[in-house]
Amino acid sequence: MTHARSFVAALVAAFVASSSAFAQIPALTFNQTKLGQAGMKFLEIGQSARAEGMGGAVTGLEMGAASMFYNPAGLANTGGKCTDVYLGHTEWAADVALNAVAVARNTPYGVFGVSAMAVDYGTVKGYQMTVSGAVTGLGNLDLSSMAIGVGAARKVTDKFQIGLAGRYAVEDLGLVNSSGSKTSVFVFDAGTLYRTGVGSSVLSMSIRNFSRQARHQDEGYDLPLIFRIGLAADLLNMTDMPSDNMSSLVVSADALHPRDRAEELVIGAEYGLMQKVFLRGAFRTGRDYANFVPKVSTTPPMTTSLVSLGAGIRHTIGPTAVGVNYAWSNAGSLLGSVHRFDVQVGF
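Cut-offs and rules
- Residues numbered from 1 in each chain as written.
- Predicted model: local features only at pLDDT ≥ 70, side-chain atom pairs only at ≥ 80, totals over all residues.
- Heavy atoms only, no water.
- pLDDT = per-residue confidence, 0-100.
- Helix = DSSP H or I, 4+ residues; strand = E, 2+ residues; numbered from the N terminus.
- Contact = heavy atoms within 4.5 Å.
- Core = buried A, V, L, I, M, F, W, Y, C linked by side-chain atoms within 4.5 Å.
- Buried < 20%, exposed > 50% of the residue type's maximum accessible area, 1.4 Å probe, protein only.
- Pairing = 2+ DSSP bridges.
- Phe/Tyr/Trp six-rings, centres within 6.5 Å; stacked < 30°, edge-to-face > 60°.
- Salt bridge = Lys/Arg side-chain N within 4 Å of Asp/Glu carboxyl O.

Caption draft 1: Structural detail: the confidence of the model for the protein. Mean pLDDT over the protein stands at 85; residues scoring 70 or higher make up 82%. For the protein, the element scoring lowest by mean pLDDT is helix 1 (residues 2-23), at 47; helix 2 (residues 49-53) scores highest, at 98. Contacts for the low-pLDDT stretch residues 11-32, under 50 throughout, to residues beyond four places or in other chains number 30 contacts.

Set out below in structure tokens:
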């Protein structure tokens, strides 16, 4: 029980310390916080239903091929399988949908993966305003965003593993007569996982969307760079008591430092029954931008809110393991609910 108590104490301390630290951030004006000043935001949208059922607080978890969209170090352990395949679908706001696929292969030299994601914007009508203020219709715009990537991860020791990934991201605003409508950029991700030796606890970090500025026409902008530090553990495997390893209670906390908004803390949990049925949920503490009125206050208020719920099933057929997951996420009063579905197969 000592390990479990130590982990819970560390988790509570991290939550309290982070909340206090966030609350002490000096009041900043709306411009100084750089809110919304990052482009290609589709790169920041979580793809995995399992991960987003835990609020995206999965920096310290090994998720096979799905780790390509979170912490590439998680690729290093594919659960004993040689190949892992991930397919995901996200129903975003305003009828926007995202589709993702990733494949990871275990080799004697490490685990290598490939990934791809694309955004379906549906039907979007375009309009143009002239210098005189007149507005003319441009018809339906052929908007598109996509990214393809490769990644690799390796266990350096039995406690430490590292992962790297690179992606080629493309975004097209669909303006037929504009030479600056389409832009592309190379994006890099990196991460580590470290098993502390205290029960099943894992310390982790990741940095995502590191790149040069992208440009549309004559305007340059940064990508949604985000740095995460995570702490995770299976609380049912933190004790010295004998366990049948058939049930699990994974608790994970991620502290986020995004480029275009204030810091956040997300705590997610996943309960696994007989390693076949899984229930998930997550809370977030951070600045409430959805209800922020700049004319009333210069600093968004601190809030703690439920951000997601999810469930999944996993079934093994011979050497093949199949998992199906669903997640509901609260994207705020402006964007509403987000639904995710995914299938993951390891063999």
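Back to the text.
Caption draft 2: Up close: the side chain of Thr90. Take Thr90: it is sitting in strand 1 (residues 83-91). Apart from residues lying up to four places away in sequence, Thr90 is in contact with Gly46, Gln47, Val96, Ala97, Leu98, Val338, His339 and Arg340.

Caption draft 3: Molecular detail of the nonpolar core. Ranked by size, the top nonpolar core spans 35 residues in total, and within it Met40, Phe42, Leu43, Ala169 and Leu223 carry the most contacts. Those elements giving two or more residues to this core turn out to be strand 2 (97-107), strand 3 (110-120), strand 6 (144-155) and strand 8 (182-195). A per-element tally of this core places strand 2 first, with four residues. Not counting the four nearest positions on each side in its chain, Met40 is found in contact with Ala169, Val170, Glu171, Thr183, Val185, Ala214, Tyr221, Leu223 and Pro224. The next biggest cluster of nonpolar side chains, apart from the first, holds six residues, and it includes Ala57, Leu256, Ala282 and Val307.

Caption draft 4: Fine view of the pairing of strand 18 (residues 337-346). Every second residue of strand 18 is oriented toward a common face, the buried set being Val338, Arg340, Asp342, Gln344 and Gly346 and the non-buried set Ser337, His339, Phe341, Val343 and Val345. With eight bridges joining them, strand 1 and strand 18 adopt antiparallel strand pairing. When the sheet's bridge partners are listed, Asp84 is paired in strand 18 with Gly346. Bridge count for strand 17 (residues 320-330) against strand 18 is ten bridges, and the pairing is antiparallel.

Caption draft 5: The packing of aromatic side chains, seen in detail. Counting across every chain of the model gives three aromatic pairs. When the centroid spacing of 6.0 Å and the interplanar angle of 55° are considered together, the rings of Phe69 and Tyr86 count as tilted. Within this pair, whereas Phe69 is found in the loop between helix 2 and strand 1, its partner Tyr86 is found in strand 1, the two being separated by 17 residues in sequence. We classify Phe69 as buried; its relative accessible area is 6%. Under the relative-accessibility criterion, Tyr86 is labelled buried at 0%. Measuring from centroid to centroid gives 5.1 Å for Tyr168 and Phe186, while their planes differ by 50°, and the two rings are tilted. Within this pair, whereas Tyr168 is found in strand 7 (residues 160-172), its partner Phe186 is found in strand 8, the two being separated by 18 residues in sequence. Given a relative accessible area of 54%, Phe186 falls into the exposed group.

Caption draft 6: Quick look at the pattern of salt bridges. Per the stated rule, a full pass over the model turns up twelve salt bridges. For Arg208, the salt bridge is made with Asp189, and the minimal N-O distance between the two is 3.1 Å. With Arg208 in strand 9 (residues 202-210) and Asp189 in strand 8, the pair connects residues that are 19 residues apart, well separated along the chain. Both residues of the pair, Arg208 and Asp189, count as buried. The residue Glu270 makes a salt bridge to Arg280 at a minimum N-O spacing of 2.6 Å. Placement of the pair is Glu270 in strand 14 (residues 264-273) and Arg280 in strand 15 (residues 277-287), with a sequence separation of ten residues. Residue Glu270 shares its accessibility class with Arg280, and that shared class is buried. Through salt bridges with shared partners, a single network forms among Lys41, Glu44, Asp260, Arg261, Glu264 and Arg284.

Caption draft 7: Structural context of the pairing of strand 17. Residues of strand 17 alternate between two faces, with Ala321, Gly323, Asn325, Ala327 and Ser329 buried on one and Thr320, Val322, Val324, Tyr326, Trp328 and Asn330 left unburied on the opposite face. Pairing geometry for strand 16 (residues 302-317) and strand 17, over ten bridges, is antiparallel. Note on strand 17: the bridge partner recorded for Ser308 is Ser329. Counted between consecutive antiparallel strands, the loop separating strand 16 from strand 17 contains two residues, among which Gly318 sits at a positive phi close to 65°.

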